[in-house]
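Examining the three-dimensional arrangement
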Amino acid sequence: MTADLREDYFMGQALKLAKKGLGRVSPNPMVGAVVAKNGKIIGEGYHRFFGGAHAEINALESAGKAVKNADIYVTLEPCSHFGKTPPCVDSLINSGVQRVFIGMVDPNPVVSGKGVRKLKKAGIAVKTGILDLKCRRLNESFVKYITKKEPFVILKSGISLDGKIASHAGDSKWITCERSRSLTHRMRFESDAVMVGVGTVIADDPLLNVRLFKKTKKEPFRVIVDSGLKIPLGCNVLKPDFAKKTIIAVSKEKSVSKKADAIKNMGAQVIAVPAKNKRIDLKELSRILAKQGIARILLEGGSEVNAAALEAEIVDKVVLFYAPMLIGGKKAFGMIGGQGKPLISETIKIDDLNIRRIDTDFIVEGYVV
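Residues numbered from 1 in each chain as written. Predicted model: local features only at pLDDT ≥ 70, side-chain atom pairs only at ≥ 80, totals over all residues. Heavy atoms only, no water.

Position of Thr200 among the secondary structure elements: in helix H8 (residues 198–204). In this structure Thr200 comes out as buried when scored by relative accessible area, which is 18%. Ignoring any residue separated from it by four or fewer positions in sequence, one finds Thr200 in contact with Asp205, Pro206, Gly301 and Gly302. (Helix = DSSP H or I, 4+ residues; strand = E, 2+ residues; numbered from the N terminus. Buried < 20%, exposed > 50% of the residue type's maximum accessible area, 1.4 Å probe, protein only. Contact = heavy atoms within 4.5 Å.)

Quick look at the sheet that holds strand S2 (residues 40–46) now. Read from one edge to the other, the open sheet built from five strands follows the order S2-S1-S3-S4-S5, with strand pairing classed as mixed. The sheet terminates laterally at S2 and strand S5 (125–128), the two strands that pair on one side only. Strand-to-strand twist in this sheet, taken as the mean axis angle between neighbours without regard to direction, amounts to 20°. Of the strands in this sheet, strand S1 (32–37), S2, strand S3 (71–76), strand S4 (99–104) and S5 touch helix H1 (residues 3–18), which is tilted by about 140° from S1. (Pairing = 2+ DSSP bridges. Axes fitted to C-alpha atoms, helices over the stretch in contact; angles between N-to-C directions.)

The next point concerns the pairing of S3. Burial analysis of S3 places six of its six residues in the buried class, which makes it a mostly covered element. For S1 and S3, the ladder comprises four bridges, and the chain directions are antiparallel. When the sheet's bridge partners are listed, Ala36 is paired in S3 with Asp71. Judged from the five bridges that link them, S3 and S4 form a sheet pairing that is parallel.

So, about unusual backbone geometry. The omega torsion across Ser26 and Pro27 is 10°, close enough to zero to call that bond cis. Examined against the element boundaries, Pro27 turns out to sit in the loop between H1 and S1. A cis amide bond links Lys173 with the next residue in sequence, Trp174, at an omega value of -10°. Following the sequence through the fold, Trp174 ends up in the loop between strand S7 (164–166) and helix H7 (178–189). Here the phi dihedral of Lys278 falls at roughly 65°; this positive angle occurs in a residue that is not glycine. Structurally, the position occupied by Lys278 is in the loop between strand S12 (275–276) and strand S13 (279–280). With a phi angle near 55°, Asp359 is a residue other than glycine that sits in the positive phi range.

Here we take up the state of the cysteines. On inspection of all chains with the given rule, the structure shows zero disulfides. Take Cys79: it sits in no disulfide, and the sulfur closest to it among the cysteines is that of Cys88, at 3.6 Å. (Disulfide = S-S within 2.5 Å.)

Shown next, in the form of structure tokens:
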């Protein structure tokens, strides 16, 4: 095995470990690390939960005394600052490792490159950029969150082959198959918040929770876009077990009212968001949510919220579940409402497209250009 192939292999193993933190460490990045010596892995670790020990520390502890003169492969540049835990760089230096291989340099402009410089200053050989693109894709939410102070937004929709999300009567249960719906719950678990418009709450009264793992305690925030504060007080997302993680985004004038006070007394948040074109400014809302530590949003909205999100340019990725059916009807609800683009040259382009089958459905996903 050549040196490059060996480096890719060990970094690939570190990436597999890092993925175990998906949905558990946000807004921190997912990080994996392996300690290797004489061509064999002697220690492994990953960032298990927010506030917990970092991947490098877990990997060093796993390797024990054998770590001296070994190599360590880590998907993200080791931290060089005090946060919830001490700097990982110091632990690496004190451990006696001889080389550090890094997938991607920390995108945080405040600390980027500092860990590399400190390791080199201590006489440790450092190599960066190993499987860099895969490392960045794994932490795409963290990269946007830490560089732009905005959450990464995934627009998810279950649709018929003719692009409808509901019939003209509003019926939408169930377009997609059971496995697709299970995957949706997995996506909720991996996200910090699920966002819908108030129209969805009024029409379907959804729970917007994770119904996937029997013992999971992880639930995303529920963000309801509701400029006119039309949400019914008896809806599911405002019930006692749900309200504390529900956020209602309203216009400034509606944020000061008896209904807003009643919702707050139920335990939910009511946040005032500036208007743009007589609707909530979703760009500003995303920035407000980022300040609350929300780094990844799953948008499960209806036609109008989807259109508004795309128009506001907050959507980074689309995941579309196509079901083998035709709903038809001019008045049936399409995936994207609004007026749409007048010219084909102005349409929103999707890049890096991937298509895969899941039971009777197929999934189309890609990134908004």
